[in-house]
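# Fold and contact review
This is what each chain is made of:
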There are 2 protein chains.
Amino acid sequence: MTENPAPAIRATNVFAANCPSRRVLDHVTSKWGVLVIVALAQSPMRWGALRRRIEGVSEKMLAQTLRTLEADGFVLREAQPTIPPRVDYSLTPLGRSLAARLIPLVTWVGNNADEIVGAH
Amino acid sequence: MTENPAPAIRATNVFAANCPSRRVLDHVTSKWGVLVIVALAQSPMRWGALRRRIEGVSEKMLAQTLRTLEADGFVLREAQPTIPPRVDYSLTPLGRSLAARLIPLVTWVGNNADEIVGAH
DNA sequence: GGTGGTACGCACCATAAAGTAAGTACTCGT
DNA sequence: ACGAGTACTTACTTTATGGTGCGTACCACC
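Thresholds applied
Residues numbered from 1 in each chain as written. Chains lettered and ligands numbered in written order. Predicted model: local features only at pLDDT ≥ 70, side-chain atom pairs only at ≥ 80, totals over all residues. Heavy atoms only, no water. Near = heavy atom within 4 Å. Polar contact = N/O pair within 3.5 Å; in protein donor to acceptor, adjacent residues only side chain to side chain. Helix = DSSP H or I, 4+ residues; strand = E, 2+ residues; numbered from the N terminus. Nonpolar A, V, L, I, M, F, W, Y, C, P; charged D, E, K, R; others polar. Least-squares fit on C-alpha atoms with pLDDT ≥ 70 in both. Contact = heavy atoms within 4.5 Å. Buried < 20%, exposed > 50% of the residue type's maximum accessible area, 1.4 Å probe, protein only. Pairing = 2+ DSSP bridges. 1 Å grid on protein atoms, 1.4 Å probe; cavity = no way out; pocket = protein on both sides within 12 Å on 5 of 7 lines; lining within 4 Å. Points joined across faces, edges and corners; volume = space filled by probe spheres on them.

### A look at the protein's contact with DNA strand C
- As a structural note, the neighbourhood of DNA strand C is formed by 18 residues, with R46, R77 and Y89 of chain A together with K60 and I83 of chain B the closest of them.
- Atoms of DNA strand C within 4 Å of the protein: sugar and phosphate make up 61%, bases the balance.
- The backbone of P85 of chain A places a nitrogen or oxygen atom 3.1 Å from a sugar or linking oxygen of DNA strand C.
- Here a phosphate oxygen of DNA strand C and a side-chain polar atom of Y89 of chain A are 2.7 Å apart.
- Of all the secondary-structure elements, those providing two or more residues to the surface near DNA strand C are α3 (47-53), α4 (59-72) and β3 (86-91) of chain A together with α2 (31-42) and α4 (59-72) of chain B.
- Taken together, the residues of the surface near DNA strand C break down into nine nonpolar, two polar and seven charged.

### Observations concerning the protein's contact with DNA strand D
- Around DNA strand D, the surrounding shell holds 19 residues, and the nearest of these are K60 of chain A together with R46, E59, R77 and Y89 of chain B.
- In DNA strand D, atoms within 4 Å of the protein come from the sugar-phosphate backbone in 62% of cases.
- Between DNA strand D and Y89 of chain B there is a distance of 2.7 Å, counted from a phosphate oxygen to a side-chain nitrogen or oxygen.
- When residues of the surface near DNA strand D are traced back to their parent elements, those giving at least two are α2 (31-42) and α4 of chain A together with α3 (47-53), α4 and β3 (86-91) of chain B.

### A closer look at the relation of the copies chain A and chain B
- The operation relating chain A to chain B is a screw motion whose rotation component is 180°, with 0.0 Å of axial translation and a residual RMSD of 0.1 Å. What we have between these two chains is a two-fold relation. When each C-alpha of chain A is compared by its distance to the rotation axis, T29 of chain A comes out closest, at 2.6 Å.
- Comparing interface residues between copies, 100% of those in chain A also lie at the interface in chain B; the contact surface is shared.

### Examining the pairing of β3 of chain B
All names here are of chain B.
- Of all six residues that make up β3, five are buried, and the element is covered over most of its length.
- The pairing of strand β1 (residues 45-46) with β3 spans two bridges and is antiparallel. By the bridge assignment for β3, M45 is matched with Y89.
- Pairing analysis gives six bridges linking strand β2 (residues 75-80) to β3, with the strands arranged antiparallel. Considered in β3, the bridge of R77 is made with Y89.
- Between β2 and the antiparallel strand that follows it, β3, lie five residues.

### A short note on the layout of surface pockets
Residues and elements named next belong to chain B.
- In this structure, the largest pocket encloses a volume near 150 Å³.
- Forming the boundary of the largest pocket are H27, S30, K31, W32, M61, Q64, T65, T68 and L69.
- Breaking the lining of the largest pocket down by element, the ones donating at least two residues are α2 and α4.
- Of all the elements, α4 adds the most residues to the lining of the largest pocket, at five residues.
- Among the residues making up the lining of the largest pocket, the classes are represented as three nonpolar, five polar and one charged.

Okay, here's the thing in C-alpha coordinates:
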(Lines give C-alpha, C1' and ligand atoms only; values in the text may rest on other atoms or scores of the structure.)
Protein backbone atom coordinates (compact mmCIF):
# COMPACT_ATOMS: atom_id res chain seq x y z
CA MET A 1 0.00 0.00 0.00
CA THR A 2 1.26 3.52 -0.91
CA GLU A 3 1.50 5.77 2.10
CA ASN A 4 0.22 9.29 1.93
CA PRO A 5 3.07 11.83 1.87
CA ALA A 6 1.74 13.87 4.81
CA PRO A 7 0.03 16.93 3.31
CA ALA A 8 1.23 20.20 4.84
CA ILE A 9 -2.25 21.69 4.84
CA ARG A 10 -5.27 19.71 5.89
CA ALA A 11 -8.10 21.09 3.80
CA THR A 12 -11.42 20.76 5.58
CA ASN A 13 -14.66 20.35 3.75
CA VAL A 14 -17.11 23.21 4.13
CA PHE A 15 -19.89 21.04 2.76
CA ALA A 16 -19.69 18.67 5.73
CA ALA A 17 -22.17 19.59 8.43
CA ASN A 18 -20.00 19.17 11.53
CA CYS A 19 -16.85 20.65 10.03
CA PRO A 20 -15.18 23.48 12.02
CA SER A 21 -14.83 25.46 8.82
CA ARG A 22 -18.57 26.05 8.94
CA ARG A 23 -18.26 28.01 12.17
CA VAL A 24 -15.29 29.97 10.88
CA LEU A 25 -17.13 30.75 7.66
CA ASP A 26 -20.04 32.11 9.67
CA HIS A 27 -17.77 34.43 11.64
CA VAL A 28 -15.94 35.56 8.56
CA THR A 29 -19.04 36.26 6.52
CA SER A 30 -21.03 37.82 9.35
CA LYS A 31 -22.77 41.09 8.60
CA TRP A 32 -20.44 43.33 10.60
CA GLY A 33 -17.38 41.06 10.59
CA VAL A 34 -16.74 41.65 6.91
CA LEU A 35 -16.89 45.41 7.32
CA VAL A 36 -14.61 45.42 10.36
CA ILE A 37 -11.96 43.34 8.61
CA VAL A 38 -12.06 45.49 5.49
CA ALA A 39 -11.99 48.71 7.51
CA LEU A 40 -8.99 47.59 9.55
CA ALA A 41 -7.23 46.42 6.39
CA GLN A 42 -7.21 50.02 5.20
CA SER A 43 -5.64 51.18 8.42
CA PRO A 44 -5.57 50.35 12.13
CA MET A 45 -8.21 52.25 14.01
CA ARG A 46 -9.44 53.17 17.43
CA TRP A 47 -12.84 52.12 18.71
CA GLY A 48 -14.47 55.47 17.98
CA ALA A 49 -13.06 55.65 14.46
CA LEU A 50 -14.37 52.18 13.63
CA ARG A 51 -17.77 53.14 14.94
CA ARG A 52 -17.90 56.22 12.74
CA ARG A 53 -16.47 54.40 9.72
CA ILE A 54 -18.96 51.55 9.75
CA GLU A 55 -22.22 53.43 9.54
CA GLY A 56 -25.17 51.86 11.28
CA VAL A 57 -23.30 49.59 13.64
CA SER A 58 -24.38 49.81 17.26
CA GLU A 59 -21.87 49.84 20.09
CA LYS A 60 -23.08 46.45 21.22
CA MET A 61 -22.65 44.81 17.84
CA LEU A 62 -19.25 46.40 17.28
CA ALA A 63 -18.01 45.16 20.63
CA GLN A 64 -19.42 41.69 20.03
CA THR A 65 -17.98 41.45 16.54
CA LEU A 66 -14.56 42.64 17.68
CA ARG A 67 -14.48 40.10 20.50
CA THR A 68 -15.32 37.26 18.10
CA LEU A 69 -12.72 38.34 15.56
CA GLU A 70 -10.16 38.74 18.33
CA ALA A 71 -10.86 35.24 19.64
CA ASP A 72 -10.44 33.85 16.12
CA GLY A 73 -7.08 35.56 15.88
CA PHE A 74 -7.94 38.00 13.10
CA VAL A 75 -7.86 41.18 15.14
CA LEU A 76 -5.34 42.51 17.64
CA ARG A 77 -6.63 44.61 20.51
CA GLU A 78 -4.22 46.96 22.26
CA ALA A 79 -5.59 48.84 25.24
CA GLN A 80 -3.63 51.63 26.81
CA PRO A 81 -4.34 52.19 30.49
CA THR A 82 -4.61 55.92 30.03
CA ILE A 83 -7.45 58.16 31.07
CA PRO A 84 -9.61 58.52 29.05
CA PRO A 85 -9.11 54.96 27.75
CA ARG A 86 -7.58 54.44 24.35
CA VAL A 87 -7.86 51.16 22.49
CA ASP A 88 -6.27 50.46 19.13
CA TYR A 89 -7.45 47.73 16.82
CA SER A 90 -5.45 46.25 13.97
CA LEU A 91 -5.26 43.09 11.88
CA THR A 92 -3.00 40.21 12.77
CA PRO A 93 -1.05 38.50 9.95
CA LEU A 94 -3.88 35.96 9.81
CA GLY A 95 -6.37 38.79 9.56
CA ARG A 96 -4.41 40.39 6.75
CA SER A 97 -4.36 37.09 4.93
CA LEU A 98 -8.12 36.88 5.27
CA ALA A 99 -8.58 40.48 4.18
CA ALA A 100 -6.74 39.70 0.97
CA ARG A 101 -9.58 37.29 0.08
CA LEU A 102 -12.34 39.48 1.44
CA ILE A 103 -11.46 42.75 -0.26
CA PRO A 104 -11.92 41.50 -3.84
CA LEU A 105 -15.36 40.24 -2.84
CA VAL A 106 -16.42 43.48 -1.21
CA THR A 107 -15.03 45.50 -4.11
CA TRP A 108 -16.95 43.34 -6.57
CA VAL A 109 -20.16 43.80 -4.61
CA GLY A 110 -19.55 47.54 -4.51
CA ASN A 111 -19.13 47.69 -8.27
CA ASN A 112 -22.07 45.45 -9.13
CA ALA A 113 -24.61 46.30 -6.45
CA ASP A 114 -26.57 48.75 -8.58
CA GLU A 115 -26.96 46.28 -11.39
CA ILE A 116 -28.05 43.53 -9.02
CA VAL A 117 -30.57 45.56 -7.07
CA GLY A 118 -31.95 47.01 -10.28
CA ALA A 119 -32.57 43.55 -11.71
CA HIS A 120 -35.84 42.93 -9.88
CA MET B 1 -21.73 73.03 -16.01
CA THR B 2 -19.41 70.17 -16.79
CA GLU B 3 -21.32 67.03 -17.55
CA ASN B 4 -20.17 63.78 -16.05
CA PRO B 5 -18.52 61.54 -18.64
CA ALA B 6 -20.76 58.58 -17.70
CA PRO B 7 -18.58 56.25 -15.66
CA ALA B 8 -18.83 52.63 -16.75
CA ILE B 9 -18.88 51.39 -13.21
CA ARG B 10 -20.40 53.27 -10.33
CA ALA B 11 -18.65 52.02 -7.23
CA THR B 12 -20.90 52.16 -4.21
CA ASN B 13 -19.67 52.50 -0.67
CA VAL B 14 -20.33 49.52 1.59
CA PHE B 15 -19.57 51.61 4.63
CA ALA B 16 -22.56 53.85 4.02
CA ALA B 17 -25.61 52.72 5.95
CA ASN B 18 -28.30 53.10 3.30
CA CYS B 19 -26.22 51.83 0.41
CA PRO B 20 -27.76 49.04 -1.72
CA SER B 21 -24.45 47.20 -1.58
CA ARG B 22 -25.19 46.41 2.05
CA ARG B 23 -28.22 44.36 1.08
CA VAL B 24 -26.33 42.60 -1.69
CA LEU B 25 -23.46 41.85 0.66
CA ASP B 26 -25.89 40.29 3.11
CA HIS B 27 -27.32 38.01 0.42
CA VAL B 28 -23.91 37.07 -0.89
CA THR B 29 -22.41 36.34 2.52
CA SER B 30 -25.48 34.56 3.88
CA LYS B 31 -24.88 31.27 5.63
CA TRP B 32 -26.29 29.04 2.88
CA GLY B 33 -25.88 31.43 -0.03
CA VAL B 34 -22.10 31.04 -0.04
CA LEU B 35 -22.34 27.26 -0.11
CA VAL B 36 -24.95 27.23 -2.88
CA ILE B 37 -22.87 29.49 -5.10
CA VAL B 38 -19.71 27.47 -4.54
CA ALA B 39 -21.51 24.16 -5.10
CA LEU B 40 -23.05 25.35 -8.35
CA ALA B 41 -19.71 26.73 -9.49
CA GLN B 42 -18.35 23.18 -9.43
CA SER B 43 -21.20 21.95 -11.61
CA PRO B 44 -24.87 22.65 -12.28
CA MET B 45 -27.09 20.54 -10.08
CA ARG B 46 -30.62 19.43 -9.52
CA TRP B 47 -32.53 20.24 -6.35
CA GLY B 48 -31.91 16.89 -4.75
CA ALA B 49 -28.20 16.90 -5.53
CA LEU B 50 -27.78 20.35 -3.95
CA ARG B 51 -29.61 19.18 -0.88
CA ARG B 52 -27.31 16.19 -0.50
CA ARG B 53 -24.18 18.21 -1.28
CA ILE B 54 -24.81 20.93 1.25
CA GLU B 55 -25.07 18.90 4.44
CA GLY B 56 -27.34 20.27 7.09
CA VAL B 57 -29.44 22.57 4.93
CA SER B 58 -33.17 22.20 5.39
CA GLU B 59 -35.51 22.10 2.42
CA LYS B 60 -37.02 25.38 3.51
CA MET B 61 -33.68 27.19 3.70
CA LEU B 62 -32.49 25.77 0.41
CA ALA B 63 -35.65 26.90 -1.36
CA GLN B 64 -35.50 30.34 0.24
CA THR B 65 -31.81 30.79 -0.54
CA LEU B 66 -32.27 29.71 -4.15
CA ARG B 67 -35.16 32.13 -4.62
CA THR B 68 -33.09 35.02 -3.25
CA LEU B 69 -30.09 34.17 -5.42
CA GLU B 70 -32.33 33.77 -8.45
CA ALA B 71 -33.92 37.17 -7.83
CA ASP B 72 -30.46 38.73 -7.56
CA GLY B 73 -29.53 37.18 -10.90
CA PHE B 74 -26.84 34.82 -9.66
CA VAL B 75 -28.68 31.56 -10.23
CA LEU B 76 -30.64 30.23 -13.18
CA ARG B 77 -33.59 27.94 -12.47
CA GLU B 78 -34.78 25.64 -15.22
CA ALA B 79 -37.87 23.60 -14.43
CA GLN B 80 -38.98 20.84 -16.73
CA PRO B 81 -42.71 20.12 -16.64
CA THR B 82 -42.18 16.38 -16.40
CA ILE B 83 -43.54 14.01 -13.81
CA PRO B 84 -41.85 13.60 -11.43
CA PRO B 85 -40.65 17.22 -11.57
CA ARG B 86 -37.07 17.95 -12.52
CA VAL B 87 -35.44 21.28 -11.81
CA ASP B 88 -31.88 22.19 -12.79
CA TYR B 89 -29.93 24.98 -11.15
CA SER B 90 -26.87 26.65 -12.57
CA LEU B 91 -24.92 29.90 -12.27
CA THR B 92 -25.55 32.85 -14.54
CA PRO B 93 -22.52 34.76 -15.89
CA LEU B 94 -22.99 37.19 -12.99
CA GLY B 95 -23.05 34.24 -10.60
CA ARG B 96 -19.85 32.86 -12.08
CA SER B 97 -18.23 36.24 -11.69
CA LEU B 98 -19.22 36.25 -8.04
CA ALA B 99 -18.06 32.68 -7.54
CA ALA B 100 -14.60 33.68 -8.75
CA ARG B 101 -14.35 36.00 -5.70
CA LEU B 102 -16.05 33.61 -3.31
CA ILE B 103 -14.07 30.46 -4.00
CA PRO B 104 -10.69 31.84 -2.86
CA LEU B 105 -12.34 32.88 0.39
CA VAL B 106 -13.98 29.53 1.01
CA THR B 107 -10.78 27.70 0.09
CA TRP B 108 -8.81 29.85 2.48
CA VAL B 109 -11.27 29.16 5.28
CA GLY B 110 -11.10 25.46 4.52
CA ASN B 111 -7.32 25.47 4.77
CA ASN B 112 -7.10 27.60 7.90
CA ALA B 113 -10.14 26.52 9.88
CA ASP B 114 -8.27 24.05 12.07
CA GLU B 115 -5.68 26.61 13.06
CA ILE B 116 -8.34 29.22 13.83
CA VAL B 117 -10.60 26.99 15.89
CA GLY B 118 -7.60 25.59 17.74
CA ALA B 119 -6.48 29.07 18.75
CA HIS B 120 -8.89 29.49 21.67
C1' DG C 1 -18.83 71.09 40.70
C1' DG C 2 -21.27 69.87 36.74
C1' DT C 3 -20.52 68.35 31.94
C1' DG C 4 -18.34 65.81 28.37
C1' DG C 5 -15.40 62.41 26.30
C1' DT C 6 -13.68 57.35 25.93
C1' DA C 7 -14.54 52.43 25.60
C1' DC C 8 -16.96 49.61 26.93
C1' DG C 9 -20.53 45.88 30.01
C1' DC C 10 -25.11 44.55 31.19
C1' DA C 11 -30.01 43.91 31.15
C1' DC C 12 -34.10 44.00 28.61
C1' DC C 13 -37.07 43.82 24.60
C1' DA C 14 -38.10 43.48 19.48
C1' DT C 15 -37.41 41.48 15.24
C1' DA C 16 -35.39 38.59 11.87
C1' DA C 17 -33.44 34.27 10.63
C1' DA C 18 -33.42 29.51 10.89
C1' DG C 19 -34.99 24.87 12.30
C1' DT C 20 -38.92 21.25 12.59
C1' DA C 21 -42.49 18.91 10.94
C1' DA C 22 -46.02 18.06 8.16
C1' DG C 23 -48.64 18.54 3.84
C1' DT C 24 -49.14 18.78 -1.55
C1' DA C 25 -49.42 16.92 -6.34
C1' DC C 26 -48.72 13.56 -9.47
C1' DT C 27 -47.10 9.26 -11.39
C1' DC C 28 -44.58 5.02 -11.57
C1' DG C 29 -43.56 0.47 -9.84
C1' DT C 30 -45.36 -3.63 -7.27
C1' DA D 1 -54.19 0.17 -3.64
C1' DC D 2 -50.02 1.31 -1.33
C1' DG D 3 -45.49 3.31 -0.90
C1' DA D 4 -41.70 5.83 -2.97
C1' DG D 5 -39.69 9.62 -5.31
C1' DT D 6 -39.46 14.76 -6.75
C1' DA D 7 -39.59 19.58 -5.60
C1' DC D 8 -41.35 22.16 -3.14
C1' DT D 9 -44.98 25.18 0.50
C1' DT D 10 -46.94 26.31 4.84
C1' DA D 11 -47.43 26.73 9.85
C1' DC D 12 -45.21 26.72 14.08
C1' DT D 13 -41.34 27.07 17.23
C1' DT D 14 -36.76 28.17 18.56
C1' DT D 15 -32.53 30.59 18.17
C1' DA D 16 -29.76 34.39 16.69
C1' DT D 17 -29.28 39.01 15.85
C1' DG D 18 -29.87 43.62 16.82
C1' DG D 19 -31.54 48.02 19.32
C1' DT D 20 -32.09 51.04 23.63
C1' DG D 21 -30.80 52.76 27.55
C1' DC D 22 -28.26 52.89 31.63
C1' DG D 23 -23.98 52.41 34.38
C1' DT D 24 -18.73 52.72 35.07
C1' DA D 25 -14.16 55.03 35.78
C1' DC D 26 -11.38 58.72 35.55
C1' DC D 27 -9.81 63.20 34.23
C1' DA D 28 -9.84 67.72 31.77
C1' DC D 29 -12.18 71.75 31.01
C1' DC D 30 -15.19 75.60 32.11
